[in-house]
Amino acid sequence: MTTMSGKVCLVTGGTSGIGRETAARLAELGATVVVVGRDAERGRAAVKEIRHRAPSAEVDLLTADMSSLAEVRRLATEVLEKYHRLDVLDNNAGVIVLKRQFTVDGYETMFAVNHLAPFLLTSLLRERLMGSAPARVITVSSNVHSSAKRIPWHELARGGPSYPLSKLANILFTVELAKRLTGTGVVANCLHPGLIRTQLGREARGVAKLLVAAAKPFMGTVQTGAATPVYLASAPEAAEVTGGYFFRGKQIEPSSLARDPEAAARLWALSEELVA
């Protein structure tokens, strides 16, 4: 495995599931790992486990509620104050909510957490990433993005909940980000981790809860889910690809809508307005 010694890696949603496993494996490769989570107690437990697995690694914990744009800005400020370099930004944090719910900023929760938070965080840390080049931005998407057949632009941020739309936004964000980072030494890629047994969907109730339970025996482990983000963060050949969508360590094609450069540019412009 490629050593990550001397590298600083920030993993959002790093206190559980795929993010926690990704953080642990990067620490095992020698990276300084910054774990970001909403809950301090759960974060301390994650850091303790990671340090147990990688006793010589530097592991730090920062807390932030990614549903709040103010919290995302505070997180970025803390990162910039504490770390003089940033080699990997892993936008892993995500939520699934099954009812109409809005953030303190007035945006639909899944769109805010799954897209606006990584969009804003990446934007705020962009100069630090460029100053640390070669560097990498990784965003966790999902193959459910393909079920989003159109983008309701006028109600995208304040409409009904749509997990597929938020995951589509992850890919469009990556496409446009890669374009804007051309020539900087920073690559941007996204991925589908697979159907993995995590805490995502823990708020499910009724029929949805039964469906989640029924699917669990067919789901992969967090170790499987973390394999691709670790690959994108550490593999030398992954530094040669940008704007890609990956599954099981291989670049694959997302939906045709996810590859639409005009949609990517329009989403970027809208996102800039929403986080301003």
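The name an unreviewed UniProt entry assigns to the protein chain is Short-chain dehydrogenase, from the organism Planotetraspora mira.

Trainee: Before we go on, may I ask you to explain the side chain of Asp90 in this structure?
Mentor: Turning to its location among the elements, Asp90 is positioned in strand 4 (residues 88-91). Residues contacting Asp90, with those up to four places away along its chain left out, are Leu10, Val11, Thr12, Thr22, Ile138, Val140 and Pro229.

Trainee: Teacher, can you tell me more about the pairing of strand 1 (residues 8-12) here?
Mentor: Working note: regular strand, side chains alternate between the two faces of the sheet. Buried residues dominate strand 1, accounting for five of its five residues. Alternating residues of strand 1 divide into Val8, Leu10 and Thr12 and Cys9 and Val11, and every residue in both groups is buried. Pairing of strand 1 with strand 2 (residues 32-37), which is carried by five bridges, proceeds in the parallel orientation. Across the sheet, Val11 pairs through a bridge with Val35, a residue of strand 2. Regarding topology, helix 1 (residues 17-28) serves as the crossover connection from strand 1 to the parallel strand 2, and that connection is right-handed. One ladder, built from three bridges, connects strand 1 with strand 4; its direction is parallel. Bridge pairing in strand 4 links Cys9 to Val88.

Conventions adopted
Residues numbered from 1 in each chain as written. Predicted model: local features only at pLDDT ≥ 70, side-chain atom pairs only at ≥ 80, totals over all residues. Heavy atoms only, no water. Helix = DSSP H or I, 4+ residues; strand = E, 2+ residues; numbered from the N terminus. Contact = heavy atoms within 4.5 Å. Buried < 20%, exposed > 50% of the residue type's maximum accessible area, 1.4 Å probe, protein only. Pairing = 2+ DSSP bridges. Right-handed = clockwise from strand over helix to strand, strands pointing away.

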